[in-house]
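Okay, here's what each chain looks like letter by letter:
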Amino acid sequence: QAQLVESGGGLVQPGGSLRLSCVASRSIFSISAMGWYRQAPGKQRELVAVIRSGGITNYADSVKGRFTISRDNAKDTVYLQMNNLKPEDTAVYYCNVQATLPTPKGYWGQGTRVTVSS
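Residues numbered from 1 in each chain as written. Predicted model: local features only at pLDDT ≥ 70, side-chain atom pairs only at ≥ 80, totals over all residues. Heavy atoms only, no water.

1. Focus: the overall build of the chain
- The helix and strand inventory of the chain stands at zero helices and 11 strands.
- Along the chain direction, N to C, the helices and strands of the chain fall in the order β-β-β-β-β-β-β-β-β-β-β.
- Its C-alpha atoms give the chain a radius of gyration of 14 Å, within 12% of the compact-globule value 13 Å for 118 residues.
- Projected onto its principal axes, the C-alpha coordinates of the chain cover approximately 45 × 25 × 25 Å.
- Burial analysis of the chain (118 residues in total) assigns 42% to the buried set.
- If you take every contact in the chain between residues at least 6 apart in sequence, the share linking residues at least 24 apart comes to 55%. (Helix = DSSP H or I, 4+ residues; strand = E, 2+ residues; numbered from the N terminus. Rg over C-alpha atoms; globule rule 2.2 N^0.38 Å. Buried < 20%, exposed > 50% of the residue type's maximum accessible area, 1.4 Å probe, protein only. Contact = heavy atoms within 4.5 Å.)

2. Considerations on the layout of surface pockets
- Counted as a void, the largest pocket has a volume near 160 Å³.
- Taken together, Arg38, Gln39, Ala40, Lys43, Gln44, Glu46, Ser62, Glu88, Thr90 and Ala91 form the lining of the largest pocket. (1 Å grid on protein atoms, 1.4 Å probe; cavity = no way out; pocket = protein on both sides within 12 Å on 5 of 7 lines; lining within 4 Å. Points joined across faces, edges and corners; volume = space filled by probe spheres on them.)

3. Thoughts on the nonpolar core
- Trp36, Leu80, Met82 and Tyr93 are the most contacted members of the largest nonpolar core, which totals 30 residues.
- Going through the elements one at a time, β3 (18-24), β4 (29-39), β5 (46-52), β7 (67-72), β8 (77-82), β9 (91-101) and β11 (112-116) are the ones with two or more residues in this core.
- The leading source of residues in this core is β9, at five residues.
- Once residues within four sequence positions are removed from consideration, tyrosine 93 is found in contact with Glu6, Leu20, Trp36, Tyr37, Arg38, Val48, Phe67, Leu80, Met82, Gly111, Thr112 and Val114. (Core = buried A, V, L, I, M, F, W, Y, C linked by side-chain atoms within 4.5 Å.)

Following this line, the structure appears as structure tokens:
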């Protein structure tokens, strides 16, 4: 069964760092993009960062310069390194994978909670 397994969330003080990981199961073929979204209480889910084939990355303006997305193709894993965290980064972070085979389809992880608080 195709699935994504996320890890790395937790409680951190403002200015701290966390690294999120997301592993895609081997049953997900031909991945074209891997990314992270987040949803804060009372808000809509928003894109945080995405990395596409060829290593092209895009970031939300609010995280540019603080977050870095990377991908290990051999392990079907995407990472989100989050530095200089702010209270407004508090949210549930979701991994998303876009695959093209056998048909174009998107997959979501179960979410990992990040809380930035002193």
